[in-house]
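Coordinates in review
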Amino acid sequence: MATSIFADKAVIPNEDMVNTALADKKPLWDKLQYHISENYQGLDSEWKMYSKKTGWSLVFKQKKRTLFYFVPCESYFIIAFVLGEKAVETAINSPVSEKAKKEIRDADICAMGHSFFIYVKDDKDLEDVFMLIKIKEMS
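So, a few notes on the structure that sits alongside this text. Because the structure is predicted, anything quoted here is derived from the model rather than measured.

Reading the values: the criteria
Residues numbered from 1 in each chain as written. Predicted model: local features only at pLDDT ≥ 70, side-chain atom pairs only at ≥ 80, totals over all residues. Heavy atoms only, no water. Helix = DSSP H or I, 4+ residues; strand = E, 2+ residues; numbered from the N terminus. Rg over C-alpha atoms; globule rule 2.2 N^0.38 Å. Buried < 20%, exposed > 50% of the residue type's maximum accessible area, 1.4 Å probe, protein only. Contact = heavy atoms within 4.5 Å. Areas by Shrake-Rupley, 256 points an atom, 1.4 Å probe, with all protein chains shown as cover. Pairing = 2+ DSSP bridges. Axes fitted to C-alpha atoms, helices over the stretch in contact; angles between N-to-C directions. Salt bridge = Lys/Arg side-chain N within 4 Å of Asp/Glu carboxyl O.

As for the overall build of the chain
Within the chain, the secondary structure is distributed over 5 helices and 6 strands. From first element to last, N terminus to C terminus, the chain shows the α and β order α-α-β-β-β-β-α-α-β-β-α. Taking 14 Å as the expected radius of gyration for a compact globule of 139 residues, we find that the chain reaches 14 Å, a close match to that expectation. The principal-axis extent of the C-alpha atoms belonging to the chain is close to 40 × 30 × 30 Å. Residue burial in the chain is summarised as follows: out of 139 residues, 47% are buried. For the chain, restricting intrachain contacts to residue pairs at least 6 apart in sequence, the fraction spanning at least 24 positions comes to 60%. Accessible surface for the chain amounts to roughly 7700 Å². Of this, 52% is attributable to carbon and sulfur atoms.

Topic: the sheet that holds strand S6 (residues 113-120)
Spatial strand order, S1-S2-S3-S4-S6-S5: 6 strands in an open sheet with antiparallel pairing. At either end of the open sheet lies a strand with only one pairing partner, and these are strand S1 (43-49) and strand S5 (108-110). Between one strand axis and the next, the sheet turns through 30 degrees on average, direction left out of account. Sheet topology note: the strand S2 (residues 56-62)/strand S3 (residues 65-73) ladder contains 5 bridges and is antiparallel. Directly across from Lys61, in S3, lies its bridge partner Thr66. Strand contacts of helix H3 (residues 85-92): strand S4 (76-83) and S6, with the helix running at about 125 degrees to S4, the strand carrying the most contacts.

Things to note about the pattern of salt bridges
The tally for this structure, following the rule as stated, stands at 8 salt bridges. Lys99 is the partner of Asp125 in a salt bridge, and the nearest nitrogen-oxygen pair spans 2.9 Å. Within this pair, whereas Asp125 is found in helix H5 (residues 123-138), its partner Lys99 is found in helix H4 (residues 98-105), the two being separated by 26 residues in sequence. A residue is classified by how much of its surface remains accessible, and Asp125, at 3% relative accessible area, is buried. For Lys99, a relative accessible area of 52% gives the class exposed.

What follows is the structure, encoded as structure tokens:
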């Protein structure tokens, strides 16, 4: 898991903290939240800290199935995915950017699938995230 800017286990991140951390990239996060609310009903999110090393991440689930993790960083954010074989194949053959496809090809393979990160710093990165969420949700 990538490292979050929020590492204090005693302090669950809130909207103000996220706004401050993301700074000028906050509009990208707002677009992602809007996209989720418009396209995915029943998607829940919850802040989780798996270890001090990785810090806090916002986990997005559809029922009990994790779709992705939001990892806030300083002036950008990371979306962490775990895709199964079928979803990996779909993603590689989709119109996601070559940069995203490289992340997928280079992904760590764990028991749950291929684990990789999309570093969201601009609208193109966000478009990749939109497509990958759809692929994950459909797989």
